[in-house]
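# Observations on the model geometry
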Amino acid sequence: MKGNYMTTKEIVLTGDRPTGKLHLGHYVGSLKNRVHLQANSQNKLFVMIADQQALTDHAKDPEKIRKSLYDVALDYLAVGLDPKLATLFVQSQIPELAELTMYYMNLVSIARLHRNPTVKTEIEQKGYGGSVPTGFFVYPISQASDITAFKAMKVPVGNDQKPMIEQTREIVRSFNYTYQTNVLVEPKGLYPDNEAAGRLPGLDGNTKMSKSLNNGIFLADDANTLQKKVMSMYTDPNHVRVEDPGQIEENMVFHYLDVFGRAEDFKQIQAMKEHYQHGGLGDVKVKRYLLEILNRELEPIRKKREMYAQDLGEITRILKKGSKQAQAVVAQTLSEVKTAMGINYFS
Ligand code: TRP
C-alpha cells in the first residue's frame, strides 16, 4: 500500500490466542458479534490469530499453537467470518508488530505492568511463582501494538481484556505526547452488553466455559458428542423424580435455553419452565428440546467447518493473503511512528 492508509471506515480489530478449538462461550460472547460487525459496511474488520501471544506461555509447545491456528481459522470461517469482508491474519507473520513493541516498551514501567489485574490472575493460575517468562509479562504492550498498528478505534473483547485496552490507551497518550504527534489513535473497547452472553457457564454449572475445566461444547463437536454433552448437563440436583418440583435457577439446561432460544421459542420455553417448577417434567425431555435448539444453530456451522477442513491449503491461502494485507497497513503505521520519533534515518 502506498501513501497514507486512509479510509473513512471505522477500523475494528480483535483476535484470539490459538490454544485450542473455540467453544460456545466464544460463539455467544464474541464470534456472533464479529459476524454482525463485518456485515456493517461502515466497519473494516481485522481479526488476528495471536500466535505470538499464545507462545508467551507455550514456548515449549509450538506444535499445539500451529495446530490450533488452523482450528481457530476453521471456526472463524464456519461461523461466517468472510475473508472478502474481514481481514483474517496471523500475528507472527507481521514482524513490524514486534518492532513497534520495542518502541512502546520504553514508555511503560515495570511497576505499571505489575498492576495489570488480568496478567496478575493469569500468573497465579499458571503457578509461575518467581519464573514468569518476560514475554508473557510484557504481552499487554505487544497487544497495544496489535491494536494501534491498525489505528483501530473499536476493539470488541471480553471484560477480562479491559486492562489491555486501558494500557493501550495510556501508551497512545504517552507516545503522542512524548513525540508531539497524533500518529496513534486511542481505541475504545466494545464489551458484551449482557451478562448472560458475556460469560456462558460451563456444562457443569461452573461460572465459565473453558477448555481447561473440560466443561465446554466446541463448535467442532459432532452431533453425537453434542448429544452426550447435553445429556450430561448440570440441572437441579434435588430434582430426583419426574414429579418433583424443579429449580430453573442455576439449572444449566434452562440457562442455555434462555441464551440460545429465539423469539419464536420463548412461549415454549416459558411453558416448560412453569411445568418444571411445578413438577412433572423430566430433565431428559428438557434436554432433548435444548438439543434440538442447539442443533438448529450448530448444524450449519458444523457442515461449513467440515467443508473447509477438506482443504487446509485453502485456509493457508486465506491467512497468507490476509496477513499480507494486514502487513501493508502495519508497515505504514510503523513508518509514521519512526518518522514521529525522528529515527527514520535513511528515508
Ligand atoms: N489477549 C486476547 C485474548 O486472550 C487476544 C489478543 C491479542 C487480542 N491481541 C489482541 C484481542 C488485540 C484484541 C486485540 O483473547
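The structure contained in this document is the topic of the report that follows. Values in this document were obtained by computation on a predicted structure and should not be read as measured data.

### Side note on the overall build of the protein chain
Within the protein chain one finds 15 helices and five strands. The C-alpha atoms of the protein chain give 22 Å as radius of gyration, which agrees with the globular expectation for 347 residues (20 Å, within 12%). Across its three principal axes, the protein chain shows a C-alpha extent of roughly 80 × 45 × 35 Å. A burial count over the protein chain gives 49% of its 347 residues as buried. Counting only contacts in the protein chain whose residues sit at least 6 apart along the sequence, the fraction spanning at least 24 positions is 77%. For the protein chain, the exposed area adds up to about 17500 Å²; of that, 52% sits on carbon and sulfur atoms. Computed over 44 positive and 40 negative side-chain charges, the inter-centroid distance for the protein chain is 5 Å.

### So, the packing of helix α11 (residues 223-231) against helix α14 (residues 283-309)
Two elements in contact, α11 and α14, have axes whose closest approach is 10 Å; the angle formed by their N-to-C orientations is 145 degrees. The way α11 lies across α14 gives a crossing that is right-handed. Contact residues: α11 offers A223, L226, Q227, V230 and M231, while α14 offers V284, K287, R288, L290, L291, L294, N295, L298 and R302. Its residues placed into classes, the contact of α11 with α14 shows nine nonpolar, two polar and three charged.

### Some words on the environment of T56
Among the structural elements, T56 can be located in the loop between α2 (51-55) and α3 (62-79). In this structure the C-alpha to C-alpha distance between T56 and G135, which are 79 residues apart in sequence, comes to 5.3 Å. Discounting residues that sit within four places of it in the chain, T56 has contacts with P133, G135, F136 and Y139.

### Description of the packing of aromatic side chains
In total, this model carries ten aromatic pairs according to the counting rule given. An angle of 45 degrees between the planes, with centres 4.7 Å apart, marks the rings of F46 and F150 as tilted. Here the residue F46 occupies a position in strand β2 (residues 43-49), and F150 occupies one in the loop between α8 (139-148) and β4 (154-156), the gap between them amounting to 104 residues. A centroid spacing of 6.0 Å and a plane angle of 45 degrees characterise the contact between Y256 and F260, whose relative ring orientation is tilted. With Y256 and F260 both in helix α12 (residues 252-260) and four residues apart, the pair spans about one turn of that helix.

### Quick word on the site of the ligand
By nearness alone, 13 residues border the ligand, and M48, Q53, Q143, D146 and Q161 come closest of all. Between a nitrogen atom of the ligand and a side-chain N or O atom of Q53, the distance comes to 2.7 Å. Here a nitrogen atom of the ligand and a side-chain polar atom of Q143 are 2.9 Å apart. Burial of the ligand by the protein chains amounts to 90% of its free accessible area of 360 Å². Mapped by element, the contributors of at least two residues to the shell around the ligand are β1 (10-16) and α8. Counted by class, the shell around the ligand contains six nonpolar, five polar and two charged residues.

### Observations concerning the pattern of salt bridges
Tallying each qualifying case throughout the model produces 24 salt bridges. Ionic pairing is found between D75 and R305, a salt bridge with its closest N-O pair at 2.6 Å. Of this pair, D75 sits in helix α3 while R305 sits in helix α14, and the two are 230 residues apart along the sequence. Judged by its relative accessible area of 0%, D75 falls in the buried class. Between E186 and R169 there is a salt bridge whose closest N-O contact spans 3.0 Å. With a gap of 17 residues between them, E186 in the loop between α9 (162-178) and β5 (188-190) and R169 in helix α9 connect regions that are remote in the sequence. On the accessibility criterion, E186 (31% relative accessible area) is partly exposed.

### Structural notes on the side chain of D71
Looking at where D71 falls in the secondary structure, it is placed in helix α3. Exposure remark for D71: the relative accessible area of 10% places this residue in the buried category. Discounting chain neighbours no more than four positions away, the residues touching D71 are K21 and R305.

### Regarding the pairing of β2
Of all the seven residues making up β2, seven are buried; the element is thus mostly covered by neighbouring parts of the structure. Here β2 shows two buried faces, one formed by N43, L45, V47 and I49 and the other by K44, F46 and M48. Here β1 pairs with β2 via seven bridges, running parallel. Counterpart to D16 in the pairing with β2 is I49. In the classification by handedness, the crossover that spans β1, the intervening helix α1 (residues 24-39) and the parallel β2 is right-handed. The pairing of β2 with strand β3 (residues 86-90) spans five bridges and is parallel. By the bridge assignment for β3, V47 is matched with L88.

Scoring rules and cut-offs
Residues numbered from 1 in each chain as written. Predicted model: local features only at pLDDT ≥ 70, side-chain atom pairs only at ≥ 80, totals over all residues. Heavy atoms only, no water. Helix = DSSP H or I, 4+ residues; strand = E, 2+ residues; numbered from the N terminus. Rg over C-alpha atoms; globule rule 2.2 N^0.38 Å. Buried < 20%, exposed > 50% of the residue type's maximum accessible area, 1.4 Å probe, protein only. Contact = heavy atoms within 4.5 Å. Areas by Shrake-Rupley, 256 points an atom, 1.4 Å probe, with all protein chains shown as cover. Lys, Arg positive; Asp, Glu negative; His and termini not counted. Charge placed at Lys NZ, Arg CZ, Asp CG, Glu CD. Axes fitted to C-alpha atoms, helices over the stretch in contact; angles between N-to-C directions. Left-handed = near helix turned anticlockwise from the far one by under 90°. Nonpolar A, V, L, I, M, F, W, Y, C, P; charged D, E, K, R; others polar. Phe/Tyr/Trp six-rings, centres within 6.5 Å; stacked < 30°, edge-to-face > 60°. Near = heavy atom within 4 Å. Polar contact = N/O pair within 3.5 Å; in protein donor to acceptor, adjacent residues only side chain to side chain. Salt bridge = Lys/Arg side-chain N within 4 Å of Asp/Glu carboxyl O. Pairing = 2+ DSSP bridges. Right-handed = clockwise from strand over helix to strand, strands pointing away.

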